[in-house]
Amino acid sequence: MPGIATASTTTLENTDEFLGNLAVIDGGILNGHIDSHRITWIGHSRGGEGVARAYNRLVNGYSVQNYTPSDVKLVSSIAPTTYSNPVSVDVGDVNYHLWVGSADADVSGVPVQTHFYSLMERASGARTSITLQGAGHGAFHDGGGSLVASGPCIINRAETHQIMRGQLL
């Protein structure tokens, strides 16, 4: 079932499965190329809230075999919703990064979910945010459809991705 809880479970379990199966993925082609002690989780929209929820669950005892909370070095939320109970998405002292689109017409204007900065404000470790002027909610992904944007100076997906790529790399 789609949602924040499911997104967090997917993040936790897929990370565990990926790290636990490096020797068999394409004949072990990734062996020696993955640092399981420097994990970054990035999610968009419900997934942006989902990665925060995943980290919170991990710290609070969610059982995995192939990594620990100290292996997660960065949690990054892209235009996240903020539907969940604030306690359940508190990332504590892990490094936290937030991407915000100033033209986001999906996660804006609805008081219950608008305050994506609340995720960053609760973080107690190193934290930062980047606001992309003119980026809409849909500009952050490559799935097609509307940019879900409103306002002046809208930027497209290619422009949004170019800016993000420069920041991430």
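First things first, this report covers the structure right here in the doc. Note that the structure is predicted; figures quoted are calculated from it, not measured. (Residues numbered from 1 in each chain as written. Predicted model: local features only at pLDDT ≥ 70, side-chain atom pairs only at ≥ 80, totals over all residues. Heavy atoms only, no water.)

## Quick notes on the overall build of the protein
Spelled out, the test is: Per the convention used, a helix needs a DSSP run of H or I reaching at least four residues, while a strand needs a run of E reaching at least two, with both numbered from the N terminus. We take the radius of gyration over the C-alpha atoms and set the globule estimate at 2.2 Å times the residue count to the 0.38 power. We call two residues in contact when some of their heavy atoms are within 4.5 Å.
Helix and strand counts for the protein come out as 5 helices and 4 strands. Overall, the protein shows an N-to-C arrangement of helices and strands of α-β-α-β-β-α-α-β-α. The C-alpha radius of gyration computed for the protein amounts to 16 Å, which stays within 12% of the reference 15 Å derived for 169 residues, consistent with globular compactness. On the principal axes, the C-alpha backbone points of the protein span a range of 50 × 35 × 35 Å. Of all intrachain contacts in the protein linking residues separated by at least 6 positions in sequence, the fraction that spans at least 24 positions is 64%.

## A closer look at the pairing of strand E2 (residues 72–78)
Let me state the cut-off plainly: Each residue's exposure class comes from its accessible area (1.4 Å probe, protein chains only) as a fraction of the maximum for that residue type: buried when under 20%, exposed when over 50%, partly exposed otherwise. By this definition, two strands are paired if DSSP reports at least two bridges between them.
When you tally the buried positions in E2, you get 5 out of 7 residues, the bulk of the element. The sheet contact formed by strand E1 (residues 39–44) and E2 spans 6 bridges and is parallel. Counterpart to Thr40 in the pairing with E2 is Leu74. In this sheet, strand E3 (residues 95–101) lies alongside E2 in parallel orientation, the contact comprising 5 bridges. When the sheet's bridge partners are listed, Ser77 is paired in E3 with Leu98.

## Considerations on the packing of aromatic side chains
Applicable threshold: For Phe, Tyr and Trp, where Trp contributes only its six-membered ring, two rings pair if their centres lie within 6.5 Å, and the inter-plane angle classes them as stacked under 30 degrees, edge-to-face over 60, or tilted in between.
This model, assessed by the stated rule, comprises 1 aromatic pair. For the pair Trp41 and Tyr67, a centre-to-centre distance of 6.1 Å together with 90° between the ring planes defines the contact as edge-to-face. Here Tyr67 lies in the loop between helix H2 (46–59) and E2 and Trp41 lies in strand E1, a separation of 26 residues in the sequence.

## Let's talk about the sheet that holds E2
Note the following rule: Axes here refer to lines fitted to C-alpha atoms; in helices the fit is confined to the stretch in contact. Angles between the N-to-C directions go from 0 to 180 degrees.
What the 4 strands build is an open sheet, ordered E1-E2-E3-E4; its pairing is parallel. If you trace the sheet from one side to the other, it starts and ends with E1 and strand E4 (127–132), each paired once. Adjacent strand axes in the sheet meet at a mean angle of 15° when their direction is disregarded. Each of E1 and E2 is contacted by H2, which is oriented at about 140° to E1, the strand it contacts most. On the sheet, helix H5 (residues 157–168) packs against E1, E2, E3 and E4 and is oriented at approximately 155° with respect to E4.

## Describing the pattern of salt bridges
What counts, and what does not: Think of a salt bridge as a Lys or Arg side-chain nitrogen and an Asp or Glu carboxyl oxygen that are within 4 Å of each other.
Inspection of every chain in the model, using the stated rule, returns 1 salt bridge. The salt bridge involving Arg38 is made with Asp35; its shortest N-O contact spans 3.9 Å. By relative accessible area, which is 62% here, Arg38 ends up exposed. Take Asp35: its relative accessible area is 41%, and that puts it in the partly exposed class.

## A few points about the nonpolar core
The following threshold applies: Put simply, buried Ala, Val, Leu, Ile, Met, Phe, Trp, Tyr and Cys residues joined by side-chain atoms within 4.5 Å make one nonpolar core.
Trp41, Tyr67, Val72, Val75, Val91 and Tyr96 are the most contacted members of the largest nonpolar core, which totals 24 residues. Residue assignment for this core shows that the elements contributing at least two residues are helix H1 (4–20), E1, H2, E2, E3 and helix H4 (117–122). Of the residues forming this core, the biggest block, 5 residues, is contributed by H2. If near-sequence neighbours (up to four positions away) are discounted, Val75 is found in contact with Trp41, Val51, Ala52, Tyr55, Val91, Val94, Asn95, Tyr96 and His97. Within the second largest apolar cluster, 8 residues are counted, among which are Ala79, Ala135, Phe140 and Met164.

Structural measurements only, silent on function.
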